[in-house]
Structure formats: structure tokens, C-alpha cells
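Single-letter residue listing:
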Amino acid sequence: MSNTTCFILSLSNIMSLKLPLSMLVIFLQLDIFVCSSEVLYLPVTKDALTLQYITEVSQRTPLIPIKLLVHLGGRSLWVDCDKGFKSSTYKPGVCNSTQCTYSNPNYCGDCILKPKLQPGCNNNSCYIWGENPLIDWFDDSAEIADDVLVIGSTPGVPLTWPRFVFACFVSPNMVRLLANGVTGIAGFGRESPISIPNQLALDSRFTKKFGICLSSSTTSPGVIFIGSGPYYVYNPKKIDISNNILYTKLIANKNAFLVTQEYYIQVSCIKIAGQQVPLNKTLLSINKKDIDGGTRISTASPYTILHPSIYDAFKTAFINALPKNVAIVEPPMKQFGLCFSSKNIKITNVGLDVPVIDFVLHKPSAYWRIYGTNSVVQVSKDVMCLAFVKQNEERQPSIVIGGHQLEENLLILDLPQKKIGFSSSLKFQQTSCSQYDNTILG
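Cut-off values and rules
Per chain, residue numbering runs from 1 following the sequence as it is written. This being a predicted model, a pLDDT of at least 70 is required before a residue's local features are given, and a value of 80 or more before pairs of side-chain atoms are given or counted; all residues contribute to the totals for chains, interfaces and linings. To get the side-chain values, all heavy atoms of the structure are used, and hydrogens and water are removed first. Think of it this way: any DSSP run of H or I at least four residues long counts as a helix, any run of E at least two long counts as a strand, and we number them from the N terminus. Note on classification: 1.4 Å probe, protein chains only; a residue is buried when its accessible area is under 20% of the maximum for its type, exposed when over 50%, partly exposed between these limits. Residues count as neighbours in contact if any of their non-hydrogen atoms are within 4.5 Å of one another. The method behind every accessible area is Shrake-Rupley, applied with a 1.4 Å probe, and residues are considered shielded solely by the protein chains displayed. We call a pair of cysteine sulfur atoms a disulfide when they lie within 2.5 Å. Under this definition, polar contacts are N or O atom pairs within 3.5 Å; protein pairs additionally need one hydrogen-donor-capable and one acceptor-capable atom, and for neighbouring residues in sequence, both atoms have to be side-chain atoms. Salt bridge, as used here: a side-chain nitrogen of Lys or Arg that lies within 4 Å of a carboxyl oxygen of Asp or Glu. Between any two strands, at least two bridges found by DSSP are needed for them to pair. Residues belong to a common nonpolar core when they are buried Ala, Val, Leu, Ile, Met, Phe, Trp, Tyr or Cys residues joined through side-chain atoms within 4.5 Å. Per the annotation, domain bounds derive from an automatic or database assignment of domains. Note on ring pairs: Phe, Tyr and Trp rings are taken, using the six-membered ring of Trp, and paired if centres are within 6.5 Å. Classes follow the plane angle, with under 30 degrees stacked, over 60 edge-to-face and the rest tilted. Consider the ring centre and the ring normal. A charge sits over the ring if Lys NZ or Arg CZ is within 6 Å of that centre and within 35 degrees of that normal.

(A) Examining the overall build of the protein chain more closely. For the protein chain, the count of helices and strands is seven helices and 34 strands. In the protein chain, buried positions account for 54% of the 442 residues. Contacts in the protein chain between residues at least 24 apart in sequence constitute 68% of all its contacts with a sequence separation of at least 6. For the protein chain, the accessible surface area stands at approximately 19,000 Å², while carbon and sulfur atoms represent 52% of it.

(B) Geometry of the state of the cysteines. Scanning all chains against the criterion turns up four disulfides. Each disulfide pairs two cysteine sulfurs, and for Cys-81 the partner residue is Cys-168, the sulfurs being separated by 1.8 Å. Linking Cys-81 and Cys-168, the disulfide has an S-S dihedral of approximately -125° and is accordingly described as left-handed. Residue Cys-81 is found in the loop between β4 (77–80) and β5 (91–92), and its partner Cys-168 is found in strand β9 (residues 157–169); the two are separated by 87 residues along the sequence. Here Cys-339 engages in a disulfide with Cys-385; their sulfurs sit 1.9 Å apart. Between Cys-339 and Cys-385, the S-S dihedral sits near 95°, and the bridge is therefore right-handed. You can see Cys-339 sitting in strand β24 (residues 339–341) and its partner Cys-385 sitting in strand β30 (residues 383–386), a full 46 residues away along the chain. In this structure, Cys-339 and Cys-385 share a single accessibility class: buried.

(C) Structural detail: the side chain of Gln-199. Note that Gln-199 resides in helix α4 (residues 196–200). Under the relative-accessibility criterion, Gln-199 is labelled buried at 0%. Separated by 3.3 Å, the side chain of Gln-199 and the backbone oxygen of Ile-194 make a polar contact.

(D) How the structure looks around the pattern of salt bridges. All told, the structure shown has eight salt bridges when counted by the stated rule. In this structure, the salt-bridge partner of Arg-163 is Asp-146, at a minimum N-O distance of 3.0 Å. Within this pair, whereas Arg-163 is found in strand β9, its partner Asp-146 is found in strand β8 (residues 137–154), the two being separated by 17 residues in sequence. We classify Asp-146 as buried; its relative accessible area is 0%. Residues joined by salt bridges that share partners form a network here, namely Glu-38, Asp-203 and Arg-205.

(E) The arrangement of the sheet that holds strand β28 (residues 367–370) in detail. Taken in spatial order, the four strands of this open sheet run β18-β17-β27-β28, and their pairing is antiparallel. Looking at the sheet topology across the chains shown, the edges are occupied by β18 (275–276) and β28. With two bridges connecting them, strand β17 (residues 269–272) and β18 associate as antiparallel partners. From the neighbouring strand, Lys-271 faces β18, where its bridge partner is Gln-276.

(F) Main features of the nonpolar core. Membership of the largest hydrophobic core comes to 95 residues, with the highest contact counts inside it found for Phe-188, Phe-210, Ile-270 and Phe-318. Of all the elements, β9 adds the most residues to this core, at eight residues. Of the domains in this structure, domain 1 (40–226) and domain 2 (245–423) are the two that each give at least three residues to this core. Excluding residues within four positions of it along the chain, Phe-318 makes contact with Ile-272, Leu-338, Phe-340, Val-354, Pro-355, Ile-357, Val-376 and Leu-386.

(G) View of the sheet that holds β24. In spatial order, the strands read β23-β24-β30-β29; together these four strands make up an open sheet with antiparallel pairing. Of all strands in the sheet, those with a lone pairing partner are β23 (328–329) and β29 (376–380), marking the two edges. Alignment of β29 against β30, held across four bridges, turns out to be antiparallel. Within β30, the residue paired with Gln-378 across the bridge is Met-384.

(H) Representation of the environment of Val-223 in the model. Inspection of the secondary structure puts Val-223 in strand β12 (residues 222–226). Setting aside residues no more than four positions away along its own chain, Val-223 makes contact with Tyr-41, Leu-42, Pro-43, Val-44, Gly-211, Ile-212, Cys-213, Cys-433 and Tyr-436.

(I) Quick peek at the packing of aromatic side chains. Per the stated rule, a full pass over the model turns up 16 aromatic pairs. Of the aromatic side chains, those joined through ring pairs into one cluster are Tyr-41, Phe-225, Tyr-231 and Tyr-436. Looking at Lys-238, its charged tip hangs above the ring of Tyr-232, at a distance of 4.5 Å from the centre. Its end group placed over the ring of Tyr-247, Lys-419 keeps NZ or CZ at 4.3 Å from the ring centre.

(J) Representation of the side chain of Thr-299 within the structure. Tracing the chain through its elements places Thr-299 in the loop between β21 (295–297) and β22 (304–306). On the basis of relative accessibility, which here comes to 3%, the residue Thr-299 falls in the buried class. At 2.9 Å, the side chain of Thr-299 and the backbone oxygen of Val-70 are in polar contact. Within the structure, the side chain of Thr-299 is placed 3.0 Å from the backbone nitrogen of Leu-72, a separation counted as a polar contact.

(K) Expanded view of the environment of Tyr-53. Along the chain, the position of Tyr-53 falls in strand β2 (residues 53–59). Note: C-alpha distance between Tyr-53 and Gly-222 (169 residues apart in sequence) is 9.3 Å. If sequence neighbours within four positions are ignored, Tyr-53 has contacts with Val-44, Thr-45, Lys-46, Leu-68, Leu-69, Val-70, Leu-214, Ser-215, Thr-299, Gly-403, His-404 and Glu-407. A polar contact is formed between the side chain of Tyr-53 and the backbone oxygen of Gly-403, at a distance of 3.5 Å.

Everything listed is a geometric property; what it means functionally is a separate question.
Laid out in C-alpha cells, this is it:
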């Protein structure tokens with residue numbers, strides 16, 4: 001670890017500076033904190049029932065544990081404040097304060113949702129949009145506030161943030177479909193100043209760069225690495241899995257409502273077993289008129305979702321590439337459109353020996369390869385299903401890459417460089433996302 005001495009900055013530090021508001025906001029938005037020397041480890045658990053990816057932090061005074069859904073495109077950390085929120089250190093964002101202005105609020109106003117003032121509903125406070133990606137629901141009544149937050153750990157030391165800015169909801173709709181015990185969202189959006197990585201980057205030990213390594217296990221957690229790296233796991237030797245990463249640029253979707261926080265990439269074509277899938281390539285680009293198309297990466301979707309015409313071509317190509325002695329069976333679950341017997345398929349160190357899938361990116365030699373462990377899912381003893389599903393909603397990205405395809409791969413989001421990196425399956429290195437250094441959690 002570097003011994004470099006850096007000036008450690010946080011939003012609460014900046015708000016205490018005696019500078020004009022306009023200068024403070026500009027100062028906060030500059031990417032000048034470059035002397036990073038640490039990585040924050042944030043464990044992520046896969047919920048067995050919902051397949052949601054969950055992390056846990058502690059918040060408030062006194063501290064209580066809070067479970068949050070990991071939402072890669074989320075604008076902020078938000079929690080349910082509808083009932084039972086108690087904290088002696090809760091501070092709502094007052095209209096025209098630095099805290100409020102920095103958060104880019106929708107509006108300032110008074111509490112109209114509750115008969116009495118409470119956390120999440122105060123007078124002369126600022127409010128922002130928030131979202132629940134599981135139900136495609138947006139709400140503009142999230143009160144900006146700050147409170148004590150304990151999140152993740154650097155080696156042996158949990159990170160305590162005295163005044164972490166978050167959103168406080170009193171709308172009961174916002175928690176629909178969240179896994180049992182989950183009461184909010186951990187937002188990792190790319191441009192929001194109050195997303196988790198952007199806010200933590202105000203501490204000079206960290207940067208606006210993070211890695212997501214989702215575990216395929218529901219009992220052994222994966223991890224989010226926050227900081228420039230290295231990102232260590234064991235196999236059993238300690239190795240840095242942030243080496244040998246394929247990078248492609250992030251694509252901005254500035255036309256869509258609230259999706260500037262989402263992560264889009266350019267997919268130029270899809271190959272199965274080396275053969276290009278015939279599809280309408282205009283669907284692979286963002287349609288600026290209808291605000292759809294393109295390829296988005298999501299931790300809120302358990303499986304990759306494909307536009308109907310892409311899915312049909314994809315399914316046909318996959319069937320044609322399967323060995324002839326593999327029997328197609330009726331899908332036992334409605335969400336899957338293709339299932340087959342696994343009796344005549346060999347098992348490799350990267351899952352079933354099924355046709356490999358390549359998402360070809362910005363050039364032919366740049367592709368993200370998906371093997372059996374990420375392309376199919378076991379639904380019964382001898383039945384596997386293709387872990388890609390058909391889109392059933394309009395005005396969506398043509399491709400939404402879901403969690404199953406991301407598991408046991410390292411995904412690096414480099415926000416200052418506006419690029420995203422993919423590793424190959426960690427199974428090739430005889431390791432997994434759950435093999436990170438648990439001892440650093442103390």
C-alpha cells in the first residue's frame with residue numbers, strides 16, 4: 001500500500017469551507033483527487049429467492065444495519081423512511097444549501113405527503129427523483145438528507161462517513177418487489193454527484209473507479225471494489241484480477257429520462273459458436289427519437305433481456321449450434337424460452353460445453369465471451385435453460401445484460417475515462433468472486 005499523504009476530503013468537509021456556494025459546487029465537480037492508495041471492499045450477497053444482489057451498510061445514530069439492492073444505474077443511496085426511521089444525526093437538505101444544490105434536486109418545498117413532519121418529509125427541503133428498477137417506478141418525492149454511514153471496509157477498518165448524502169422516501173410504492181429485509185437501493189450511477197462511487201471519491205483515498213465481482217453462490221458473497229485497484233482474490237495464491245481486462249467505451253444515452261446514470265456499451269454484433277447471428281443491427285444503437293435500443297448493463301435484472309427479434313434469431317442460432325444428440329424440452333418455467341436436456345453435454349471448468357457466445361464490441365477483435373457457466377442455468381436435475389429471456393416491454397434497450405452473465409467475471413467501471421472493462425470468467429484462473437480477502441473486513 002502506498003504511504004503517500006493525501007488531503008482527505010468529504011462533502012461535509014467542503015460544506016464547512018467559507019467559500020461562495022457557486023465556487024463550492026464547481027470545486028466539488030472537479031476530478032482533482034488523484035492520490036488514491038486504498039480499495040474499499042463492499043460484500044454483495046445473492047438472494048436465493050429473488051436472485052437480487054444485496055449489500056449491507058450501517059446508518060444513523062445509533063447505527064442500525066440496512067440491506068440495499070445493488071443498482072448499477074441508481075442515482076443515489078436511498079432508504080425507506082416511511083415508518084420507524086429514527087436517528088439523532090439525520091439532517092434534511094435545506095433549500096439553497098450547498099448540500100441541496102450539489103445534489104441537483106428537482107425542486108424545493110414543504111412536506112405534503114404526511115400529516116406530521118418526519119425524516120423524508122420536512123418543510124423548506126429539497127427533493128430529487130428516485131427509482132426502483134424492479135418495477136420501473138420513478139418518484140420525485142425523495143428528500144435529500146445526510147446522516148452517519150458505515151460502508152464496506154479498507155484493510156481491517158470499516159469506513160465511517162459522518163455526513164453521507166442520501167435520499168429518504170416515504171412512498172410505500174418504492175419498496176415493492178425488493179427482497180425480504182431490503183429497505184432501499186445502493187445506487188452506483190455514473191454521473192450523479194451523490195451516487196456511491198462519486199460521493200466516496202471525495203475522499204482522496206479512493207477514485208471514481210470501481211469493480212463489480214458478483215458471486216454465483218447464494219451462500220458465499222461476491223464483492224464490489226471501490227478505488228483504482230489492485231483487486232485481489234485468491235486461487236489459493238493472492239492474484240490481482242484487474243489485469244488483462246478488455247476495455248470498451250461507455251456510451252451516453254442523454255435522451256432518455258433518468259438513464260444518464262445507466263451504463264451503455266456499443267455491441268456491434270453477436271456471435272454463437274463463431275457464427276454471426278443475423279439480426280437488425282439498427283437495434284444495437286440507441287434510437288435518439290424513440291429513446292430505446294442499444295445495450296445496457298444491469299445488476300437489477302437476473303438474466304440478459306433481448307429485444308423480441310434479437311431473441312428469436314439468438315435462440316435459433318443457439319439451437320442450431322447445439323450437438324444433434326441434445327434433446328430440446330418444454331421449458332418448466334415461463335420466463336425461459338429454450339430448455340434442453342443436459343444428459344449428453346460434457347462439463348468443463350467453465351460450465352456445460354455449450355456453444356460459446358461472443359458480444360462483439362467496438363471492433364472485431366474486442367469481444368466479451370460468455371461460456372456455459374454464464375449462458376445457461378440449471379432448473380432441474382437434467383434440464384438446463386438458456387439464461388437469456390425475451391423482452392416484453394416497449395421502449396427499452398434492445399439488450400439488457402443481466403446479473404447471471406456478469407457472475408464470476410470482473411466488471412470495471414472507470415468513470416473519469418468513460419470506459420468499462422470485462423474480464424473473462426474467473427474460473428479460468430481457478431478462482432471466483434467469493435475468494436476475495438475476507439480478512440480485510442475485520
